[in-house]
Amino acid sequence: MYRMAVDSRTLDVNSSYAYMLWCRDYAGTSLMATVDGNDAGFITGYTRPDDPDTLMVWQVAVDDQYRGRRLSVKLLDALVDRTEATTLETTITDDNAASIRLFTGLARRRGATLRKSPLFRSGDFPEEGHDTEHLYRIGPLGN
Ligand SMILES: CC(C)(COP(=O)(O)OP(=O)(O)OC[C@H]1O[C@@H](n2cnc3c(N)ncnc32)[C@H](O)[C@@H]1OP(=O)(O)O)[C@@H](O)C(=O)NCCC(=O)NCCS
């Protein structure tokens, strides 16, 4: 996961320790996709502690060589199918067209409403140059 996050050149890269701890504690809401035995993509998420009906999707990445095969769609669908959550949240920056299409497609397939609002604005971040992270709230999730 750490390697894919670095290679993506798009994701905020967390420490390798953070990914290891994540897999220890949130394996139930995270998935790794493999193709021919090779790590090809991952999705991480968690159930919000104060709102167990909401699944927060944190990061999705597919390795360059496996992109465009609907792998992220499969990862997202598999994650949604394995949770009891009725609402999904994620944050996306406006420049991430692939991610916007991924989550817009989920809303369409599940017949859910998608609401978008700023969650963390550019100026909220301690570092310069971080784009606003918009919250996408999708629900109710049908099957
Ligand atoms: C976003 C990402 C996970 C998509 O993975 P993928 O497996 O190649 O995507 P899929 O083949 O499943 O396609 C999903 C949707 O995105 C669209 N899409 C994929 N790549 C795209 C691109 N470069 N530009 C615009 N749309 C794109 C597809 O057309 C599809 O939309 P549709 O259902 O409306 O046709 C991948 O590009 C990636 O790892 N990006 C870097 C990390 C990142 O930005 N993650 C998201 C933020 S957490």
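Keep in mind the model is a prediction, meaning the values are calculated, not measured.

Peer 1: Quick question: what am I supposed to make of the site of the ligand here?
Peer 2: Near the ligand, the surroundings consist of 19 residues, among which Val60, Val62, Gly68, Arg70 and Ser72 are the closest. Measuring from an oxygen atom of the ligand, one finds a backbone N or O atom of Gly68 at 2.8 Å. Here the ligand, which alone exposes 930 Å², has 78% of that area covered by the protein. For the shell around the ligand, the secondary structure elements donating two or more residues are strand E3 (51–62), helix H3 (71–82) and helix H4 (97–110). By residue class, the composition of the shell around the ligand is 8 nonpolar, 7 polar and 4 charged.

Peer 1: Honestly, the packing of H3 against H4 in this entry has me stumped. Any pointers?
Peer 2: Relative to each other, H3 and H4 sit at 50°, their axes nearing to 10 Å. Considered as vectors, H3 and H4 are oriented oblique to each other. Relative to H4, the crossing made by H3 is right-handed. Here H3 contributes Ser72, Val73, Leu76, Asp77, Val80 and Asp81 to the contact with H4, which in turn contributes Leu102, Phe103, Leu106, Arg109 and Arg110. Within the contact of H3 with H4, the residues separate by chemical class into 6 nonpolar, 1 polar and 4 charged.

Peer 1: Can you help me understand the pairing of strand E1 (residues 30–35) in this one?
Peer 2: Successive residues of a regular strand alternate their side chains across the two faces of the sheet. Where E1 meets strand E2 (residues 38–48), 6 bridges bridge the pair, whose relative direction is antiparallel. Following the sheet pairing, Ala33 is matched in E2 by Gly41. Where E1 folds back onto E2 in an antiparallel hairpin, the turn is made up of 2 residues, including Asp36, whose phi is positive at roughly 50°.

Peer 1: I'm lost on the packing of aromatic side chains in this one. Help?
Peer 2: The geometry of an aromatic ring pair is captured by two quantities: the separation of the ring centres and the angle between the planes. In total, this model carries 8 aromatic pairs according to the counting rule given. With 6.4 Å between their ring centres and 55° between their planes, Tyr26 and Tyr46 make a pair best called tilted. Note that Tyr26 is positioned in the loop between helix H2 (16–25) and E1 and Tyr46 in strand E2, a separation of 20 residues in sequence. The class of Tyr26 is partly exposed, set by a relative accessible area of 36%. Ring geometry for Phe120 versus Phe125: centroids 6.4 Å apart, planes at 80°, classification edge-to-face. Accessibility expressed as a relative area gives 43% for Phe120, which makes it partly exposed.

Peer 1: How should I be thinking about the UniProt feature "domain: N-acetyltransferase" (unreviewed entry) in the chain in this particular structure?
Peer 2: According to UniProt, the positions carrying the feature "domain: N-acetyltransferase" (unreviewed entry) are residues 1–142. Overall, residues 1–142 shows 30% helix and 35% strand. The separation of its end C-alpha atoms is 29 Å.

Peer 1: What's the story with the sheet that holds strand E6 (residues 133–139) in this structure? I'm lost.
Peer 2: Backbone-to-backbone hydrogen bonds pair the strands of a sheet. The strands run either parallel or antiparallel. Spatially, E1-E2-E3-E4-E6-E5 is the arrangement adopted by the 6 strands of the open sheet, whose pairing is mixed. Of all strands in the sheet, those with a lone pairing partner are E1 and strand E5 (113–120), marking the two edges. Averaged over all neighbouring strand pairs, the angle between strand axes comes to 25°, with direction disregarded. The strands touched by H2 within the sheet are E1, E2 and E3, with E2 carrying the most contacts at an inclination of about 70°. Strands in contact with H3 are E1, E2, E3 and strand E4 (87–92); relative to E1, the strand with the most contacts, it is inclined by about 140°.

Calculation notes
- Residues numbered from 1 in each chain as written.
- Predicted model: local features only at pLDDT ≥ 70, side-chain atom pairs only at ≥ 80, totals over all residues.
- Heavy atoms only, no water.
- Near = heavy atom within 4 Å.
- Polar contact = N/O pair within 3.5 Å; in protein donor to acceptor, adjacent residues only side chain to side chain.
- Areas by Shrake-Rupley, 256 points an atom, 1.4 Å probe, with all protein chains shown as cover.
- Helix = DSSP H or I, 4+ residues; strand = E, 2+ residues; numbered from the N terminus.
- Nonpolar A, V, L, I, M, F, W, Y, C, P; charged D, E, K, R; others polar.
- Axes fitted to C-alpha atoms, helices over the stretch in contact; angles between N-to-C directions.
- Parallel < 35°, antiparallel > 145°, perpendicular 65-115°, else oblique.
- Left-handed = near helix turned anticlockwise from the far one by under 90°.
- Contact = heavy atoms within 4.5 Å.
- Pairing = 2+ DSSP bridges.
- Phe/Tyr/Trp six-rings, centres within 6.5 Å; stacked < 30°, edge-to-face > 60°.
- Buried < 20%, exposed > 50% of the residue type's maximum accessible area, 1.4 Å probe, protein only.
- UniProt positions renumbered as here; feature names shortened; annotations may be inferred.

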